[in-house]
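One-letter residues, chain by chain:
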Amino acid sequence: MSVQATIKDNRRDDRMPVECRATARVALAVEILDASPGGVRARISLPLPVGAMIKIGLPGGAERHARIAWAREGVVGCEFMAPLKPAELAGLLAGTNQG
């Protein structure tokens, strides 16, 4: 007997078998450590593999899709798929904690 057949469920709708790829979005805590127009070095709250694609919301309002280029001990290097414009980089730098 399959696992599905042993699970009693109270679904409102019938399920149909499907097997395909999908994507999911997960919110992460990100602390940017340094930046350039082409990417950032950041500390993230969830381990991600090299090659993973993420979308980063930056101080100043810019958003970028980025690829994890390297990962080491909770710190990652992210390569932006499109470089930051000078005004976007300025917005990021203006949001920096100078503490």
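Conventions used here
Residues numbered from 1 in each chain as written. Predicted model: local features only at pLDDT ≥ 70, side-chain atom pairs only at ≥ 80, totals over all residues. Heavy atoms only, no water. Buried < 20%, exposed > 50% of the residue type's maximum accessible area, 1.4 Å probe, protein only. Helix = DSSP H or I, 4+ residues; strand = E, 2+ residues; numbered from the N terminus. Pairing = 2+ DSSP bridges. Axes fitted to C-alpha atoms, helices over the stretch in contact; angles between N-to-C directions.

Enquirer: So what's going on with the pairing of strand β5 (residues 75-80)? Residues and values would help.
Expert: For β5, the buried fraction is high: five of the six residues fall into the buried class. Hairpin connection from strand β4 (residues 63-72) to β5: two residues lie between these consecutive antiparallel strands, with Glu73 at a positive phi of about 50°.

Enquirer: Any details on the sheet that holds strand β3 (residues 53-57)? Residues and values, ideally.
Expert: Ordered by their spatial adjacency, five strands build an open sheet running β1-β2-β5-β4-β3, and the pairing between neighbours is antiparallel. Strand pairing shows two members of the sheet lacking a second neighbour, β1 (30-36) and β3, which therefore form its edges. Taking the axes of each pair of neighbouring strands and ignoring which way they run, one obtains an average angle of 40° across the sheet.

Enquirer: Talk me through the environment of Arg72; I want residue IDs and the actual numbers.
Expert: Mapped onto the elements, Arg72 comes out in strand β4. Taking the C-alpha atoms as reference points, Arg72 and Arg43, 29 residues apart in sequence, are found 9.6 Å from one another.

Structural measurements only, silent on function.
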